[in-house]
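A structural walkthrough
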Amino acid sequence: MGALINGSDFASEEITKSLVEVDHDQQEPLAIQAPIVSSYNERIRPLLDCVDRLRSLKVMQEGIQLPTIVVVGDQSSGKSSVLESLAGISLPRGQGICTRVPLVMRLQSHPSPQPELSLEFNGRVVSTDEEHIAEAISVATDEIAGRSKGISNVPLTLTVKKDGVPDLTMVDLPGITRVPVHGQPEDIYEQISAIIMEYIKPEESIILNVLSASVDFSTCESIRMSQKVDKTGERTLAVVTKADKAPEGLMEKVTADDVNIGLGYVCVRNRIGDESYEEARAEEAMLFQTHPQLSKISKSIVGIPVLAQKLVQIQATIISKCLPDIVRKINDKLAASVAELNKLPQKLNSVPEAVTAFMRIISSAKESLRKILVRGEFDEYPDEKEMHCTARLATMLSEYSDELQPISIKSEQKQNFLEEEISILEEAKGISLPNFLPRAAFLALLQKRVKAISATPAEFVNKFWEYLQGVLVPVLMKHSDNYPPLQSSIRRATQNLVSKKTEQSVDWVLQIIDMEKLTDYTCDPEYSATCHKLMESQDTFMELINDQWKPTSMEIDGFGVVEIGHLRNHVLVARQAFDLKMRMTAYWKIVLRRLVDCMALHLLFSIQNLVNKDMEAEMVNDLMGPYGGGVERMLEESPSVADKRCRLNRSIKLLRESKETVAGIMDGIAAYGD
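Rules behind the numbers
Residues numbered from 1 in each chain as written. Predicted model: local features only at pLDDT ≥ 70, side-chain atom pairs only at ≥ 80, totals over all residues. Heavy atoms only, no water. Helix = DSSP H or I, 4+ residues; strand = E, 2+ residues; numbered from the N terminus. Buried < 20%, exposed > 50% of the residue type's maximum accessible area, 1.4 Å probe, protein only. Contact = heavy atoms within 4.5 Å. Areas by Shrake-Rupley, 256 points an atom, 1.4 Å probe, with all protein chains shown as cover. Phe/Tyr/Trp six-rings, centres within 6.5 Å; stacked < 30°, edge-to-face > 60°. Pairing = 2+ DSSP bridges. Axes fitted to C-alpha atoms, helices over the stretch in contact; angles between N-to-C directions. Expected span 1.5 Å × (residues − 1). Arc of directions from axis to C-beta. Salt bridge = Lys/Arg side-chain N within 4 Å of Asp/Glu carboxyl O. Parallel < 35°, antiparallel > 145°, perpendicular 65-115°, else oblique. Left-handed = near helix turned anticlockwise from the far one by under 90°.

The name recorded for the chain in an unreviewed UniProt entry is Dynamin-related protein 4C-like, from Coffea arabica.

Following this line, the structure appears as C-alpha cells:
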C-alpha cells in the first residue's frame, strides 16, 4: 500500500510536468490543419486508461469516487452538438430527450485511419461504425431504459478510437426538462435531477455545463444545479453554444461571469446541416476571426480545439490530484472487506467440520460464562450491568437474607411478649416434673417459625434461575450467531436445562426446610454464647413479674423495652416461657444464617456444574435428539450469511483487480521516472 501511494505521488508530479509540456505544445490551438488536441503525453494516457479501467470494474459501487467530467445542460442547449464535435461522430437526434441514460464517452486518439467504435452495456460489448453509431446507441438505450421515453440510471459506455480526437472520458447525462411530453413519466424532472445530482455531487467530478448563447445564463436549470454542489465554481467549466446565433453581448456575458464559473468559459459554433467536422471547424475559426463582435472575444476561450485542450488539461489535473486518494481508499476498503469476510463463520462442508465448529462454540461460550459467572470478569460486557453476574448474584443473596428477617421478627411483638411461648407450653405440658422445658415445645415453636419462612427460599431460587436464563441465552446466542440453524436447538436446550436446574434447586430447598423442621441442632458455639447472654436478665425478669408493685415493663437485651404486666397472670410458666424465648432467639439466628449460607453454596455449586458439564451435555443431547436435526444442520448456511459472503467476495475480487490495475500503472510510471 505504501508503495502504491508513493507511486501515486510520483504520478501526480509527472502529470503536473506533462501539463506544462501539453500547454507549451498547443500555443496555436486554432490552426485548422492541426488535430483537435496535440499528441497526449505518453505518461498521462496510462493514467486515464487506469481510471477508465476502474470505472469499467465498477469500483464506484464500493463508494470510491473517480475523477469524472460530467456533461450537463438544459434540453436543446446544444449539448449533443458539442459532444459530436469532440468525438467526430453523430449522436442520436430528435424531439424530446435524446440522452436517456448516462452515456460514458471514452475518446482515445488512435493512429489507425479506420475508427474503432464499440458500445458496452448489460455485460456485453457491441462493435459498430460511424455510419451506424447513432442507431446503435438508440437500440442500446431502448434495451436499458425501455422503448418509451423514460430514463434510467444504468450507464451505457461508448468507446471511440479515432485519429485526432482528444484523449478524454466524459459522462453525458440526460438534458434537463421540466415539462414531460407524451410517453414520459410525470416526474421526469425529478428523475433527471436525481441522476445529475448523483454524478455532480462528488468532489472528484468536473462539471461541463453546456449553455446556449441565446439565454440568460442565470436562468438555466443546469447552472442552478451545479451551484448547489459547487458554490465557488471551482469544479465548473462552461461551454457556450450557438455563438453564431446570438453574438450580441456574448463577450460581456462571458467576461462578467455573473454565474460564477470558476474554470472559465469556452464559446463554440455548432455544426450546421451536412457540414463535415473539418468544415465545421474551419467555419468556426473563421467566425471568431472575422465576426465584428465575436472576433473581440479572446482566442483563448473560443473554439472546439480550445475546449478539447482545456478538458484534457483539467482531466489530467484532477486525475493527478485524486489518484493517491483513490489508491488509499482502495487499500482501506480492501482491508476492511477482507477483515469482515474473516469474521464470518467458516463455511462447513462436512460433518467433522460441523462437530469441530460446534465444540468450538461450546468451548468459547463456557469460557465467557466462567468469566462472568465464576471469576467476576465482565470485559466482554462492560456497559451491560445485568451481565455483571457475580455482583448481581451477591446483591440478590443480600436481598434474600433481608427478606428472611422481617418474617422472623413478626413473632417478637413487644406488646404480647412471651404469649406465643406460653401458649405452646400450655399445649405441650404433660404429667411430669415441673420446671423442665419440654423439647416438644421447642420443636413446635421452631416448626412454626420455619413454616412461616418456607416460601421465601423457593421463591428466591426461582428468581435466581430466571435471572440466570436471561444471562445464558444472550451469551450462547452471541457465540452461535454465525450458525442460525443451530440457535433454536441451543435456545431450547438452555431453557430445558434451566427448567431442570430450577426443579432441582426447589427440591433441595424443600429438603432443607424439612430438615430444619425435623430437629434442632447446631455445633456453632455462638448459640451457647448468645443464649447465655440473653438468659442473664431472667432473674430480674422474674422479680418484676412476681412483685405487683414493680414496673410493668423492662428492657431486655436484644428486644428493647417490653411489656411484662400481663405475664403476672402466668407466673408458673413465665420462667419456662422466658427460657424458651431466649433459646429460640439464639437458635433462630443460626437457622437463618444457615439458610443463607447453604443457599449461597448450593447456587455456586450449581453454577459450576452447569458451566463445566451440564450445559454441554444438555446441548449435545438436544442437538442429537429427535428435534435437534443433528450437527448436519450447521452445514446449512443462513441466507443472510451466504449473501454477505457472496457480496464480500465480489467486493474483494473487484478491489483486488482495481489494486492490481493501479499498481501496474504506478510501476510503469516509476520505471519511466527512473
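After that view of the structure, there is still more to cover.
Details of the overall build of the chain
In terms of helices and strands, the chain carries 19 helices and 11 strands. Counting only residues that meet the buried cut, the chain has 50% of its 674 residues in that class. By sequence separation, contacts in the chain at least 24 residues apart represent 78% of the contacts at least 6 residues apart. Of the roughly 32,600 Å² that the chain leaves accessible, carbon and sulfur atoms contribute 52%.

Details of the packing of aromatic side chains
A ring pair, where both rings are aromatic, is described by two values, the distance of the centres and the angle of the planes. Under the defined criterion, the tally for this structure stands at eight aromatic pairs. Aromatic side chains Phe442 and Tyr587 sit 5.9 Å apart centroid to centroid with 55° between the ring planes, which places their arrangement in the tilted category. Of this pair, Phe442 sits in helix α13 (residues 439-453) while Tyr587 is found in helix α18 (residues 571-624), placing the two residues 145 residues apart along the sequence. An angle of 90° between the planes, with centres 6.2 Å apart, marks the rings of Tyr527 and Tyr587 as edge-to-face. With a gap of 60 residues between them, Tyr527 in helix α16 (residues 525-535) and Tyr587 in helix α18 connect regions that are remote in the sequence. The exposure class of Tyr527 is buried, given its relative accessible area of 18%. On the accessibility criterion, Tyr587 (3% relative accessible area) is buried. Taken together through their ring pairs, the aromatic side chains of Phe417, Phe541, Phe559 and Phe578 make up a single cluster.

Notes on the sheet that holds strand β1 (residues 68-73)
Pairing within the open sheet is mixed, and its nine strands lie in the order β4-β3-β5-β2-β6-β1-β7-β8-β9. Two strands bound the open sheet, and with one partner strand each, they are β4 (124-128) and β9 (265-267). Across the sheet, the axes of successive neighbouring strands diverge by a mean angle of 25°, strand direction being ignored.

Re helix α8 (residues 277-290)
When the terminal C-alpha atoms of α8 are compared, their 20 Å separation across 14 residues agrees well with the 20 Å that a helix rising 1.5 Å per residue should span. Of the positions making up α8, those classed as buried are Tyr277, Ala280, Arg281, Glu284, Ala285, Leu287 and Phe288. Along the axis of α8, the buried positions cluster into a sector of 160°, meaning they face one direction only. Projecting away from the buried face of α8 at angles above 90 degrees are the exposed residues Glu278 and Thr290.

Remarks on the pattern of salt bridges
Under the definition given, this model contains 39 salt bridges. We note a salt bridge from Lys429 to Glu426, for which the minimum N-O separation is 3.2 Å. Between Lys500 and Glu618 there is a salt bridge whose closest N-O contact spans 3.0 Å. Placement of Lys500 in helix α15 (residues 484-518) and of Glu618 in helix α18 is noted, with a sequence separation of 118 residues between them.

Topic: the pairing of β4
Looking at chain direction, strand β3 (residues 116-121) and β4 are connected through five bridges and run antiparallel. In the sheet register, Ser118 faces β4, and the bridge partner there is Ser127. In this structure, the hairpin formed by β3 and β4 is closed by a connection of two residues, where Asn122 is found at a positive phi of approximately 50°.

Some words on the packing of helix α10 (residues 351-375) against helix α14 (residues 455-479)
Contact geometry for α10 and α14: axes closest at 9 Å, N-to-C directions at 140°. Of the possible angle classes, the one that applies to α10 and α14 is oblique. For the pair α10 and α14, the crossing hand works out as right-handed. Taken together, the residues of α14 that come into contact with α10 (itself represented by Ile361, Ser364, Ala365, Ser368, Leu369, Ile372 and Leu373) are Leu468, Val471, Leu472, Val475, Leu476 and His479.

A few points about helix α2 (residues 45-56)
An ideal rise of 1.5 Å per residue puts 16 Å on 12 residues; α2 measures up with 16 Å between its terminal C-alpha atoms. Every buried residue belonging to α2 is among Arg45, Leu47, Leu48, Cys50, Val51, Asp52, Leu54 and Arg55, and all of these are buried. Two residues or fewer past α2, Lys58 is found with a positive phi of approximately 65°.

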